[in-house]
Number of protein chains: 2
Amino acid sequence: MNRAESSLDTIDIILRTATEHFAERGLAGARIDEIARDAGVNKATIYYHIGGKDELYAAVFRENMRNSTERLLSNVEAKQTAEEKFKAYVQTMVENLRENKAAAPLMMRELASGAENIPQEGLQYIVKMLTTIIQTLEQGRQDGSFRDTNPGLTHLMIIGSIMFYTAGEPLRKKLMGLMGADFPMLEYTKDCDLARDISDFLLHALKP
Amino acid sequence: MNRAESSLDTIDIILRTATEHFAERGLAGARIDEIARDAGVNKATIYYHIGGKDELYAAVFRENMRNSTERLLSNVEAKQTAEEKFKAYVQTMVENLRENKAAAPLMMRELASGAENIPQEGLQYIVKMLTTIIQTLEQGRQDGSFRDTNPGLTHLMIIGSIMFYTAGEPLRKKLMGLMGADFPMLEYTKDCDLARDISDFLLHALKP
DNA sequence: GTCTATATACCGATAGAC
DNA sequence: GTCTATCGGTATATAGAC
């Protein structure tokens, strides 16, 4: 193993570990010492390879957004009709957020903080995702398969429901103990089941 | 002014100030010194009246949930039909979250943290809100005005879209500069306009 | 590139006067 | 009930050896 490969592995494990810590405790709550410990590297190694806490956070956010966006765009572009693209958008968003449990918490904390720590590159990825869903809704509107809705509002429904479902799991567990039989069953084992229900619900709302 | 009134005023200004700080910076990021400074009270006064940081946070969360829940239940119960109740639920949720800008960030941070710092009383308020919307959807299903959907999923659409809209304002401002004309117009000046669009979209999805 | 040791600063909390 | 002053603990960041 040469030095380049070793550095890549070290940086990768640091970023993966930091992702979990920033998601669970936030930028202010995460501890550089704990990230270094859990990553199995010395604390100074983080400063040597990546930089201070803010730079580490920016790198984490950027890498997570890059992965999600690339997969989303690739899966949507592979489809032809507006309805297929819409379903692919929802399905891929569900997959991304359920495979990477940190993604929703990272974004929700950013919204709560006024999006002040999102790096410029991260904003570009958000723009790409937004553009994709807007074009899909416009395609469906023009060929008559979707009615004319505000695309921004429609996207809020998609992203809001999926992120609240993904990040809401611990809260649902706490509520289940209090509500008992009155609590609506909302635990999906498979990504495709959740994606299907959300797609069905929203496509019903988009039906002309 | 007697001592009791004075204490109530002091506690009230502390809780109001702390609400903003915890919303903007989180439990870990908020600073007791800054809360005391912005509230215009001595730091030790907070410890005397309320307690440490965790107790202050719990008090903030509980009071915010109490206000929101009382108003929500009151407005929904005043209506008769399922559709009127549904609209009142959405309308009141929009009003609550737009009048109290801290509410959405507080809840989103809690979800990101695994709901670990929600006080027991706060969970009870969430249960009350959930029960209200579930009963409304069930009423509409029984009288034929709503189709049979998963009430938990429907609630995710309501709460997810409103909270992401409310908390997403700073991010939208940043994105507008990058996207220009492609960005979908999504700025509502009046609560009722946002509530109407969300209600219309979701009632279309609930239509049998 | 990775380690130990430490500088520097900050923050939560409280003791004690008034 | 409110103030000043301060303790004790902890966090980020870096200097310097290897």
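In this convention, every chain numbers its residues from 1, walking through the sequence in written order. Chains and ligands are labelled by the order in which they are written, letters from A for the one and numbers from 1 for the other. For a predicted model such as this one, the threshold for reporting local features is a pLDDT of at least 70, and the threshold for listing and counting side-chain atom pairs is 80 or more; totals across whole chains, interfaces and linings nevertheless cover every residue. The side-chain values count all of the structure's non-hydrogen atoms but skip hydrogen atoms and water molecules.

Q: How should I be thinking about the protein's contact with DNA strand D in this particular structure?
A: Nearness is defined per residue: one heavy atom within 4 Å of the molecule or strand is enough. Around DNA strand D, 15 residues are found, and the nearest of them are Lys43 and Lys53 of chain A together with Ser7, Asn42 and His49 of chain B. In DNA strand D, atoms within 4 Å of the protein come 64% from sugar and phosphate. Whenever a nitrogen or oxygen atom comes within 3.5 Å of another N or O atom, the pair is scored as a polar contact, on the condition that within protein one atom can donate a hydrogen and the other can accept it, and that pairs from neighbouring residues in sequence are kept only if both atoms are in side chains. Side-chain polar atom of Tyr47 of chain A to a phosphate oxygen of DNA strand D: 3.1 Å apart, as the coordinates give it. Contacts to DNA strand D include Lys53 of chain A, whose backbone N or O atom sits 2.9 Å from a phosphate oxygen. What counts as a helix is a DSSP run of H or I of at least four residues, what counts as a strand is a run of E of at least two, and both are numbered from the N terminus. No other element matches helix α3 (residues 43–49) of chain B, which puts four residues into the surface near DNA strand D. In this classification, the charged set is Asp, Glu, Lys and Arg, the nonpolar set is Ala, Val, Leu, Ile, Met, Phe, Trp, Tyr, Cys and Pro, and all remaining amino acids, among them Gly, are polar. In the surface near DNA strand D, the residues fall into five nonpolar, six polar and four charged.

Q: Help me understand the relation of the copies chain A and chain B, please; the structure alone is not making it clear to me.
A: The two chain copies are connected by a rotation around an axis plus a translation along it. Copy-to-copy alignment: least squares on C-alpha atoms, limited to residues at pLDDT 70 or above in both. At an RMSD of 0.0 Å, chain A and chain B line up after a rotation of 180° and a shift of 0.0 Å along the axis. Both chain copies can therefore be described as sitting about a two-fold axis. Interface overlap between copies is the fraction of interface residues in one copy that are interface residues in the other; for chain A against chain B it reaches 100%, indicating a shared surface. Any two residues whose heavy atoms approach within 4.5 Å at even a single point are treated as in contact.

Q: Just to check I follow, could you spell out the environment of Gly114 of chain A for this structure?
A: Structurally, Gly114 of chain A can be placed in the loop between α6 (103–112) and α7 (120–142). Since its relative accessible area comes to 19%, Gly114 of chain A is described here as buried. Each C-alpha atom of the pair Gly114 of chain A and Arg172 of chain A lies 26 Å from the other, and the pair is 58 residues apart in sequence. If near-sequence neighbours (up to four positions away) are discounted, Gly114 of chain A is found in contact with Pro170 and Lys174 of chain B. Relative accessible area decides the class of each residue, using a 1.4 Å probe on protein chains only: under 20% of the type maximum gives buried, over 50% gives exposed, and in between gives partly exposed.

Q: I'm lost on the side chain of Thr19 of chain A in this one. Help?
A: Residues and elements named next belong to chain A. As for its placement among the helices and strands, Thr19 is situated in helix α1 (residues 3–29). Residue Thr19 is classed as buried on the basis of its relative accessible area, which comes to 8%. Leaving out residues up to four positions away in the same chain, Thr19 has contacts with Val60, Asn64, Asn100, Ala102 and Leu106.

Q: What exactly am I supposed to notice about the protein's contact with DNA strand C here?
A: Close to DNA strand C lie 15 residues; Ser7, Asn42 and His49 of chain A together with Lys43 and Tyr47 of chain B are nearest. Considering DNA strand C, the proportion of its atoms within 4 Å of the protein that are sugar or phosphate atoms stands at 63%. At 3.2 Å from a phosphate oxygen of DNA strand C is found a main-chain nitrogen or oxygen belonging to Ala30 of chain B. Contacts to DNA strand C include Lys43 of chain B, whose side-chain N or O atom sits 2.5 Å from a base nitrogen. Elements that contribute at least two residues to the surface near DNA strand C include exactly α1 and α3 (43–49) of chain A together with α2 (32–39) and α3 of chain B. Counting residues per element, the surface near DNA strand C draws most heavily on α3 of chain A, which supplies four residues. Classifying every residue of the surface near DNA strand C by side-chain character gives five nonpolar, six polar and four charged.

Q: Just checking my understanding: could you explain the domain arrangement of chain A for this structure?
A: Residue and element names in this part refer to chain A. Residue ranges for the domains trace back to a domain assignment, done automatically or taken from a database. For chain A, the assigned domains are domain 1 (1–51) and domain 2 (60–206). Taking only C-alpha atoms, the centre of domain 1 and the centre of domain 2 are 28 Å apart. Taken over both partners, the interface formed by domain 1 and domain 2 buries close to 650 Å², and the fraction arising from carbon and sulfur atoms is 71%. The largest contributions to the domain 1 side of the interface with domain 2 come from Leu15, Thr19 and Ala23, which together make up 62% of the buried area. Each salt bridge in this description consists of a side-chain nitrogen of Lys or Arg and a carboxyl oxygen of Asp or Glu lying within 4 Å of one another. Where domain 1 packs against domain 2, one counts zero salt bridges. At the junction of domain 1 with domain 2, the criterion picks out three residue pairs in polar contact (both at pLDDT 80 or more). Here the residues of the side of domain 1 that touches domain 2 are counted per class, giving five nonpolar, two polar and two charged. When two parts are brought into contact, each loses some accessible area as probed by a 1.4 Å sphere; the total of that loss over both is the buried area.

Q: When you look at the interface of chain A and chain B in this model, what are you seeing that I'm missing?
A: A common way to express how large an interface is: the accessible area buried when the components associate. With 61 residues of chain A at the contact, the number on the chain B side is 61 residues. Overall, the association of chain A and chain B removes approximately 5100 Å² of surface from exposure, summing both partners, and the carbon and sulfur fraction of that is 79%. On the surface where chain A and chain B come into contact, there are zero salt bridges. The tally of links between chain A and chain B comes to nine residue pairs in polar contact (both at pLDDT 80 or more). Among the secondary structure elements, those contributing two or more residues to the side of chain A that touches chain B are α1, α6, α7, α8 (151–167), α9 (169–179) and α10 (191–206) of chain A. Top element by residues in the side of chain A that touches chain B is α8 of chain A. It accounts for 13 residues.

Q: What's the story with the pattern of salt bridges in this structure? I'm lost.
A: If the charged atoms of two oppositely charged side chains come close together, the side chains can form a pair. Residues and elements named next belong to chain A. Enumeration over the complete set of coordinates arrives at 33 salt bridges over all chains. Its salt-bridge partner being Asp33, residue Lys43 comes within 3.1 Å of it at the nearest N-O pair. A residue pair is termed long-range when its members are at least 10 positions apart, and Lys43 in helix α3 and Asp33 in helix α2 (residues 32–39) qualify at 10 residues. In this structure, Glu95 engages Arg71 in a salt bridge whose closest nitrogen and oxygen atoms are separated by 3.0 Å. Of this pair, Glu95 sits in helix α5 (residues 82–99) while Arg71 is found in helix α4 (residues 53–77), placing the two residues 24 residues apart along the sequence. With relative accessibility at 17%, the residue Glu95 sits in the buried group. Salt bridges here are not isolated pairs; linked through shared partners, they connect Arg62, Glu63, Arg66, Glu70 and Glu121.

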